[in-house]
2 protein chains.
Amino acid sequence: MDEDARATDEDRPPTAEADATATDTTAAEAAAEKAATTPRGGESRARPARLADIAARTGLATSTVSRALTRPGRVHAATRARVEQAARELDYVPNRAARALNSGRTGSIAVLVSDVTNPFYFGILRGTARQSRAAGLLQLLVDLEESGELEDALLGRLRHSVDGAVLAASRLPDRALAALDPAMPVVVLNRRIPGVPSVVIDTPGGVGHAVEHLVSLGHRSIAYAAGRQGVWSNEQRWRALARAAARLGARAVRLGPFPTTRWPAGAAAADAALNARVTACIAFNDVLAIGMLRRLSERGVDVPGELSVVGCDDIFGADFCSPPLTTIAAPLEDAGRLGVSMLVARLRPDPPAARAAVLPAQLVIRSSTGPAPRAAG
Amino acid sequence: MDEDARATDEDRPPTAEADATATDTTAAEAAAEKAATTPRGGESRARPARLADIAARTGLATSTVSRALTRPGRVHAATRARVEQAARELDYVPNRAARALNSGRTGSIAVLVSDVTNPFYFGILRGTARQSRAAGLLQLLVDLEESGELEDALLGRLRHSVDGAVLAASRLPDRALAALDPAMPVVVLNRRIPGVPSVVIDTPGGVGHAVEHLVSLGHRSIAYAAGRQGVWSNEQRWRALARAAARLGARAVRLGPFPTTRWPAGAAAADAALNARVTACIAFNDVLAIGMLRRLSERGVDVPGELSVVGCDDIFGADFCSPPLTTIAAPLEDAGRLGVSMLVARLRPDPPAARAAVLPAQLVIRSSTGPAPRAAG
DNA sequence: GCGATGGATGCAACCGTGTGCCATTTTTTG
DNA sequence: CAAAAAATGGCACACGGTTGCATCCATCGC
C-alpha cells in the first residue's frame, strides 16, 4: 500500500520504458513456487486443484466427485455437500480444456467483426458480451480488419475451437456461410441468408420513415450516399429509399459508393451531394453522415438550411456532432443479445429451425434535418 | 445466388420474427451427416479429422504425424511432406482443447475491460486484437460492466482457461492483482503496481503541457473535473495539474468526482466549473469533457470565449464534437499492442522481469481552448 | 427370510495431442 | 567390415473430466 504511494512520478519525461522496482519480489516469488510443487518437468506455476484432489480429500472416486458437481441429483445430498465443501476449500475450478476434450463443447463462442474500431460494433459487442455471460459462455472477439480472406481462414481454424459464432457483417458469400453451418453453428447479423439464422435490423423501414419526414418538410430530391458495393444492408437501404421516394413522388439519386470506415469518406460524399442538386441526403451509416457534416461545415454549407442530412444506426457521437444528427437508430445491443440467444438455442440438442429475426429501427429526429430551401427542386 | 435475390422484402412491417425458407435444406443436410459417420452416441456433427486419421492415411504412427507437424526437424523431409499433404487433403485442424490439456497452454488470452461501450477501449481493443493475432493467440473479450466483484469472480474462473490476461482499468486492489500473477500472468494498463508488468500512458505529462498551453493563453485559474475517486489515473492527472499550476503561478481547483461513463455526468461538471470562477477546465477524460461541452452549449456559454475545456484520451468523437475538443491524445492502439507483447514475453519459458512501459501522450489543440476572457482571473 | 428393486458409488475406458523412452534403420568412422 | 553415432519412427502414457457399466448396499414387498 505504501509502495503504491511511491509510484507518483508524473513529471518524469515520457521515456520509452522505465524499469519497475520489482526484480527482487519476482525472484522471491519464483523461488517460493519452485519449492512448492513441481508436477512435471519443472513447471513454475502452482498446480491448480483437480477432481482427483477433491476425491482424495473426501475419500470418494473422481467419477463421484464429477457427478456431485455437475449432476446434483445423481449423488446423495450429504455426499454432494461434502464435495462442494472440499471444492471450496481447494478453490477448485474445472479445467475447461479437459471438459471440452471429451464433451466436444468448449463453452465459448466467437464474435467476428469486420473492424473493431467501427463504432457500429460497440453496441453489438455489449449485447453479445452480456448475453454470453448470461449463458455462461466466454466470448472470443475476432477482428477481421476488413479482410475477407482472413475471415475465411479464421473461421476454418476456429471451427473446432468454439461452439459457434456470431458474424456481424460478414464478407463471405452466401454459399460459404450456409456451408459453414453443419461444422459450426452460426448466426449472422445484418444479413439474410436462406438456411442460416439471422438477426436483421429493419433499417430499411426506418429509411421509409425518414423519406416521409423529409418529404413532409418539402424535400423533393433525395440522395442516397451509398456504402461499400455489394454489402447486403447497403442495397437494402437504397431500395427502401428508392421505393419510398417513388411512392411519395420524390426523386431518388444514388451516389457513391463511398468507403465508410475512414474519415475522408464523408468529404467525397458531401461534395457529390452538393453536385447532385438535391436538398437532402440519407447516408449509408452515421460514420459517413458525420463525415459529410464535417465537410459541409468546412465548405460553409448550412445544415439543414441548404442540405438536410440523415444517417443510419445512431452510433456513439451522433448526438453530439454538429449539428446533432437525425438518424435511424438501430437497437444494436438488442441485436447482439438476440444473436447470442439464437446461437445458444442452436446449440441445444434439439435445435429449432433457422429463422430470421427482425428488429425495428426508429427514426430519431435531431437538428441535421429541416425544411427544404425555397429555390431548389 | 438466385435465392439471394429473393430475400428483398424491405417494405415488410417490422414484425418480431419471420421464418426463413430453410427447413428443407437443413433437413437434407442433417440426413447427409447422419449417413456419413456416427462417432459416438449419434452426434449430429461431422467428425473432424484427427492426427489418427492422418496416421492411417499415411501409414505412420500418430506420434510421428504429431512431430511432423510441430517439430519439422525431427522427422525425415519426405515423411513430413507426405504428412502435410494428407493434412491438407483431410482439412486437418488441430484440436485446441486436446493441445491445451497436455501442454497447459490454451493459446488464448483474456482482455478485461470495465465497460465495452466506453469509447476509451476502442483503440485499446484494436491494439490487443492485432497483436494477439500476430502472436497466434485468440483474444477473449470480457466486459466487467463496472463491477469489481464480477472482475474478481471472473478472474478466478478464467485463471486456468487462458494463458494470461490484459487488464485495462482494473478495479481490484493492488494486492489482489499482484497475488494473481503466479497463477496467471497479467499485464495491467493505465496503472502501476510493483511487481506487475504495466503499460502506462503519460497523460500526466500531457496535462503539464495543457496547463502551459492554458497559462500561455492567459488563464490563471484552472479547474480539474475529476473522475471516479480512487482511480489511479484520476489521481495522477490531478496531481500533475496541481503541480504544473503551482509551478506556473496559476490556481488549481479540483471539482467532482463525477461519474464518467454516462452522459448526464458532463452536465454537473459544467455547472460546477461555472460556479468555480475558473476560465479553463481540464476534464478527467473526453467523455466527461464532451458532456461538459453539451451542457455549456445548452446554457449558452461560449466555448472557448468564456470557458476553455480540455479533455483526455482523444477518443472517437473528440474531433467532431462542437467545438472540436482540445485534448491529450493517448496512443491507445499502441498501448493495447504493447500490453499483449509484454504478456507474450511473460509467457516465454524465461520471462523477463516485470517492467513498467510508459508511452508518451500528445496535446492536440483544437477549438475548445482559447484566450482567457479579460474580466476573470 | 429371501429375492427384487433402485439409489449411490466405483471402475475403467475414452476424448486428441504431445513427448520420453526405446527399437530400428541409416550413416559415419576407425 | 565392424562398431559407434546419428537419424527416424513407434509404443505407451499423461493431461483432467465425463460416462457406460458394474457393484454394492439398503429398503421394500411378499
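Residues numbered from 1 in each chain as written. Chains lettered and ligands numbered in written order. Predicted model: local features only at pLDDT ≥ 70, side-chain atom pairs only at ≥ 80, totals over all residues. Heavy atoms only, no water.

Draft legend 1. Seen up close, the packing of aromatic side chains. All names here are of chain B. Using the criterion set out here, one finds eight aromatic pairs over all chains in the structure. For the pair tyrosine 224 and tryptophan 238, a centre-to-centre distance of 6.0 Å together with 35° between the ring planes defines the contact as tilted. On the criterion of sequence distance, the pair formed by tyrosine 224 in strand β7 (residues 221-225) and tryptophan 238 in helix α11 (residues 232-248) is long-range, its members being 14 residues apart. Pairing phenylalanine 316 with phenylalanine 320 gives two aromatic rings, centres 5.5 Å apart and planes at 80°, and the pair type is edge-to-face. This pair shows no difference in class: phenylalanine 316 is buried, exactly as phenylalanine 320 is. (Phe/Tyr/Trp six-rings, centres within 6.5 Å; stacked < 30°, edge-to-face > 60°. Helix = DSSP H or I, 4+ residues; strand = E, 2+ residues; numbered from the N terminus. Buried < 20%, exposed > 50% of the residue type's maximum accessible area, 1.4 Å probe, protein only.)

Draft legend 2. Expanded view of the pairing of strand β11 (residues 326-329) of chain A. Residues and elements named next belong to chain A. On β11, burial covers both faces: Thr326 and Ile328 on one face and Thr327 and Ala329 on the other are all buried. When strand β10 (residues 308-313) meets β11, the two strands line up parallel, connected through four bridges. Paired with valine 310 across the two strands is threonine 326, which belongs to β11. One ladder, built from three bridges, connects β11 with strand β13 (residues 362-364); its direction is antiparallel. Pairing of alanine 329 across the sheet is with glutamine 362, part of β13. (Pairing = 2+ DSSP bridges.)

Draft legend 3. Representation of the confidence of the model for chain A. Looking at chain A, pLDDT values average 85 and 86% of them are 70 or higher. Overall, residues 1-45 of chain A carries pLDDT values under 50, and its contacts beyond four positions in sequence, including any with other chains, amount to 57 contacts. (pLDDT = per-residue confidence, 0-100. Contact = heavy atoms within 4.5 Å.)

Draft legend 4. Here's a closer look at the side chain of A:Asn234. Residue and element names in this part refer to chain A. Structurally, asparagine 234 is set in helix α11 (residues 232-248). A distance of 2.7 Å separates the side chain of asparagine 234 from the side chain of tyrosine 224, its partner in a polar contact. Among residues more than four places away in sequence, those in contact with asparagine 234 are Tyr224, Ala226, Gly227, Arg228, Gln229, Arg254 and Phe284. (Polar contact = N/O pair within 3.5 Å; in protein donor to acceptor, adjacent residues only side chain to side chain.)

Draft legend 5. Expanded view of unusual backbone geometry. Of the consecutive residues A:Val303 and A:Pro304, the connecting peptide bond is found in the cis state with omega at 10°. Within the secondary structure, A:Pro304 sits in the loop between α13 (286-298) and β10. Across the junction of B:Ser322 and B:Pro323, the peptide omega takes the value -5°, indicating a cis bond. Positionally, B:Pro323 belongs in the loop between β10 (308-313) and β11 (326-329). The residue A:Asn190 is not glycine, and still its phi comes out positive at about 60°. Unlike most non-glycine residues, B:Asp91 shows phi in positive territory, near 55°. Examined against the element boundaries, B:Asp91 turns out to sit in the loop between α5 (77-90) and α6 (96-103). Among the residues examined, B:Asp91 registers a relative accessible area of 42% and is labelled partly exposed.

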